[in-house]
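Next come the chains, spelled out residue by residue.
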Amino acid sequence: MKMILDVDTGIDDALAIAYVLGTPQIELLGVICSYGNVQARQAVVNTRKILSLFRRGDIPVICGAGHPLSKERFEVRPLSMKVHGMDGLGNTFLPVDEEEIKTDMDVAKFLYDTATRYGEELTIVTEGPLTNLAAAVKKYPDIVNCGIKIIIMGGAVCVEGNMTHCAETNIYQDIKAANIVFSSGLHCTLVGLDITLRTLLTRNETSEWRKTKTAWGKFLADMTDYYIAFHEEVHPEMNGCALHDPLAAAIALRPEFVTIFPCCLKVLEEGPNEGRCVLDLVAMNQGTKNIGLCVDVSVEKFILEFNAAIKRLLKISG
Ligand code: BDR
Ligand code: CA
């Protein structure tokens, strides 16, 4: 299958990229970046660091939105720096790839051109705010007729949020963009905190990676242990770190890992529950069910799949 990843490259985004690189059934056509865990430009730098570390510098990385659709600027939250480190990659401070960062390519055009070229073969996995995809829908409305699939890491429908009591970070960061995407008619699957908070990685797995004694294994283990340490401090009951973004990428290939409730969703744009995803009953009563909401996940199968991909990647690279 062909895939585009849309990332705000912090630690779990980096793990999603590593998962995709270690999965031969997925052809990664490009990575587009946005603000979120880090500034968009840092997301580009981080993405390039990972791709070049794993010798896949051939994959295009494009700098997308630097701020939400209806705002002029974006500041990284102090909590994001705590979760993902000062560099967004768990303070691993990998050397920077000096090649020029492409800021001139139009992300909306890249999405549209790739969608029209590959149609049903293409899945776009969004791992950050939905600003880039919303921009493509606004600029090229017929992108919704290309037959592409969208997997969205975002939302907290039946559980509490991680940005506010009811809102998940990726959705909250650009609520208007999320509503543009949800109401566009695009075929979307929503991979929310409802299931991502159940797919946990522990130090057992990272110590296996470390044992490879390769630069690649050490980098992934150091970065992920930093993320696990944050979870240990703030959510000791979880006993591991949540694989939000890798789960979304894996579901593109393995939809059988999840139970899906077909529906239509909208995001509340104001009031005390701003950022909360709820059913769009008006649309549903008109028969619209373009969003597959993931309500359950085969945790063991996913963790096995994820870890197998990482081990494959480490072996290939080592
Ligand atoms: C999502 O927010 C970001 O911090 C993570 O990378 C993930 O995409 C989880 O709410
Ligand atoms: Ca992310």
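Residue indices begin from 1 for each chain and proceed along its sequence in written order. The order in which chains are written sets their letters, starting at A; the order in which ligands are written sets their numbers, starting at 1. Only residues with pLDDT of 70 or above have their local features reported here, since the model is predicted, and side-chain atom pairs are shown and tallied only from 80 upward, although totals for entire chains, interfaces and linings are computed over all residues. Water and hydrogen atoms were dropped before computing side-chain values, which therefore reflect all heavy atoms in the structure.

K.L.:
Would you explain a nonpolar patch on the surface in this entry?
P.N.:
A surface patch of nonpolar side chains, about 330 Å² in accessible area, is lined by Phe261, Leu279, Leu281 and Val295. Segments assigned H or I by DSSP are reported as helices when at least four residues long, segments assigned E as strands when at least two residues long, and all are numbered from the N terminus. In this structure, Phe261 sits in strand S9 (residues 258-263). For patch building, the residue pool is restricted to those with more than 30% relative accessible area and no salt bridge; the joining distance is 9 Å between like charges and 5 Å between nonpolar side chains (Val, Leu, Ile, Met, Phe, Trp, Tyr). Only the protein chains shown count as covering a residue, and every accessible area follows the Shrake-Rupley method with a 1.4 Å probe. Basic side-chain nitrogens of Lys or Arg form a salt bridge, by our definition, when they fall within 4 Å of a carboxyl oxygen of Asp or Glu.

K.L.:
Even after reading the chapter, I still don't get the site of ligand 1, so can you show me in this structure?
P.N.:
Here a residue counts as near a molecule or strand whenever at least one of its heavy atoms sits within 4 Å of it. The full set of residues close to ligand 1 is Asp12, Asp13, Asn37, His84, Glu127, Met153, Asn162, Glu168, Thr169, Asn170, His244 and Asp245. Polar contact criterion, stated in full: a pair of N or O atoms within 3.5 Å, where within protein one must be able to donate a hydrogen and the other to accept it, and residues adjacent in sequence count only if both atoms are side-chain atoms. Between ligand 1 and Asp12 there is a distance of 2.6 Å, counted from an oxygen atom to a side-chain nitrogen or oxygen. A distance of 2.9 Å is found between an oxygen atom of ligand 1 and a backbone nitrogen or oxygen belonging to Glu127. For ligand 1, whose free accessible area comes to 280 Å², the fraction covered by protein is 94%. Residue composition of the shell around ligand 1, grouped by class: one nonpolar, six polar and five charged. Charged residues are taken to be Asp, Glu, Lys and Arg, nonpolar residues to be Ala, Val, Leu, Ile, Met, Phe, Trp, Tyr, Cys and Pro, and polar residues to be all remaining types, Gly included.

K.L.:
Even after reading the chapter, I still don't get the packing of helix H9 (residues 203-211) against helix H10 (residues 215-234), so can you show me in this structure?
P.N.:
Packed helices, taken two at a time, are described by the angle between their axes plus the distance between the axes. Between the N-to-C directions of two axes lies an angle of 0 to 180 degrees, each axis being a line fitted to C-alpha atoms and, for a helix, fitted only over the stretch in contact. The contact between H9 and H10 brings their axes to 8 Å, and the two run at 160 degrees. Considering their axes alone, H9 and H10 lie roughly antiparallel with respect to each other. For the element pair H9 and H10, the recorded crossing hand is left-handed. Residues Arg203, Thr206, Trp209 and Arg210 of H9 pack against Gly217, Lys218, Leu220, Ala221, Asp222, Thr224, Asp225, Ile228, Ala229 and Glu232 of H10. The class makeup of the residues in the contact of H9 with H10 is five nonpolar, three polar and six charged. For classification, angles of less than 35 degrees are called roughly parallel, those exceeding 145 degrees roughly antiparallel, those between 65 and 115 degrees roughly perpendicular, and all remaining angles oblique. Left-handed describes a crossing whose near helix is turned anticlockwise from the far helix through less than a right angle; right-handed describes the clockwise counterpart. In what follows, a contact means two residues having at least one pair of non-hydrogen atoms within 4.5 Å.

K.L.:
How should I be thinking about the pattern of salt bridges in this particular structure?
P.N.:
Pairing between side chains of opposite charge can happen when the charged atoms of each approach one another. Applying the stated criterion across every chain yields a total of 16 salt bridges. The salt bridge partner of Lys176 is Glu269, with a shortest N-O separation of 3.0 Å. Of this pair, Lys176 sits in helix H7 (residues 175-182) while Glu269 sits in the loop between strand S10 (265-267) and strand S11 (277-279); the two residues are 93 residues apart in sequence, bridging distant segments of the chain. A salt bridge links Asp296 to Arg198; the shortest N-O distance between them is 2.9 Å. Placement of the pair is Asp296 in strand S12 (residues 291-297) and Arg198 in the loop between helix H8 (193-196) and strand S7 (200-201), with a sequence separation of 98 residues. The exposure class assigned to Arg198 is partly exposed, which follows from its relative accessible area of 38%. Burial here depends on accessible area, computed with a 1.4 Å probe over protein chains only, as a share of the maximum for the residue type. Under 20% is buried, over 50% is exposed, and the range in between is partly exposed.

K.L.:
How should I be thinking about unusual backbone geometry in this particular structure?
P.N.:
As a rule of thumb, non-glycine residues mostly have phi less than zero, and peptide bonds are mostly trans rather than cis. In the Ramachandran plot, Arg55 falls in the positive-phi region, its phi being about 60 degrees despite a non-glycine side chain. Looking at where Arg55 falls in the secondary structure, it is placed in the loop between helix H2 (40-53) and strand S3 (61-63). With a phi close to 55 degrees, Asn239 is a non-glycine residue in the positive phi region. Assignment of secondary structure puts Asn239 in the loop between H10 and strand S8 (241-242). According to the relative accessible area criterion, Asn239 is exposed, its value standing at 59%.

K.L.:
Would you mind showing me how to read the coordination of the calcium ion (ligand 2) here?
P.N.:
Tetrahedral coordination by four donors puts the ideal angle at the metal at 109.5 degrees, and octahedral coordination by six puts it at 90 or 180 degrees. Coordinating donors are taken to be N, O and S atoms lying within 2.8 Å of the metal, or within 3.2 Å when the metal is Na, K or Ca; because water is excluded from the atom set, some sites may appear incomplete. Bound to the calcium ion (ligand 2) are the protein donor atoms Asp8 (OD), Asp13 (OD), Asp13 (OD), Glu127 (O) and Asp245 (OD), situated 2.2 to 2.7 Å from the metal. In primary-sequence terms, the residues that donate to the calcium ion (ligand 2) follow D-x4-D-x113-E-x117-D. With Asp8 in the loop between strand S1 (2-7) and helix H1 (11-21) and Glu127 in the loop between strand S4 (122-126) and helix H5 (131-139), this residue pair connects regions lying 119 residues apart in the sequence. Using a relative accessible area of 1% as the deciding quantity, one classes Glu127 as buried.

K.L.:
What is the right way to read the packing of aromatic side chains from this model?
P.N.:
Each aromatic ring pair is described using two quantities: the centre-to-centre distance and the angle formed by the ring planes. Any pair of Phe, Tyr and Trp rings, taking the six-membered ring for Trp, is counted once the centres come within 6.5 Å. Such a pair is stacked with planes under 30 degrees apart, edge-to-face with planes over 60 apart, and tilted for the rest. Applying the stated criterion across every chain yields a total of five aromatic pairs. Members of the aromatic cluster, connected to one another through ring pairs, are Tyr19, Trp209, Phe302 and Phe306.

K.L.:
Just checking my understanding: could you explain the packing of helix H4 (residues 107-118) against H5 for this structure?
P.N.:
Packing of H4 against H5 brings their axes to within 8 Å, and their N-to-C directions diverge by 70 degrees. Taken together, the axis directions place H4 and H5 in an arrangement best described as roughly perpendicular. Along the contact surface, H4 presents Val107, Ala108 and Leu111, while H5 presents Asn132, Leu133, Ala135, Ala136 and Lys139. Taken together, the residues of the contact of H4 with H5 sort by class into six nonpolar, one polar and one charged.

K.L.:
Teacher, can you tell me more about H2 here?
P.N.:
Because the α-helix completes a turn every 3.6 residues, residues three or four places apart line up on one side. For H2, built from 14 residues, the straight-helix expectation of 20 Å at 1.5 Å per residue is met to within 8% by its first-to-last C-alpha distance of 20 Å. Of all 14 residues in H2, eleven are buried; the element is thus mostly enclosed. For H2, the full list of buried residues reads Ala40, Ala43, Val44, Val45, Asn46, Thr47, Arg48, Lys49, Ile50, Leu51 and Leu53. Where the residues of H2 are buried, they touch S1, H1, strand S2 (27-33), S3 and H10. Working rule for helices: expected span equals 1.5 Å times residues minus one.

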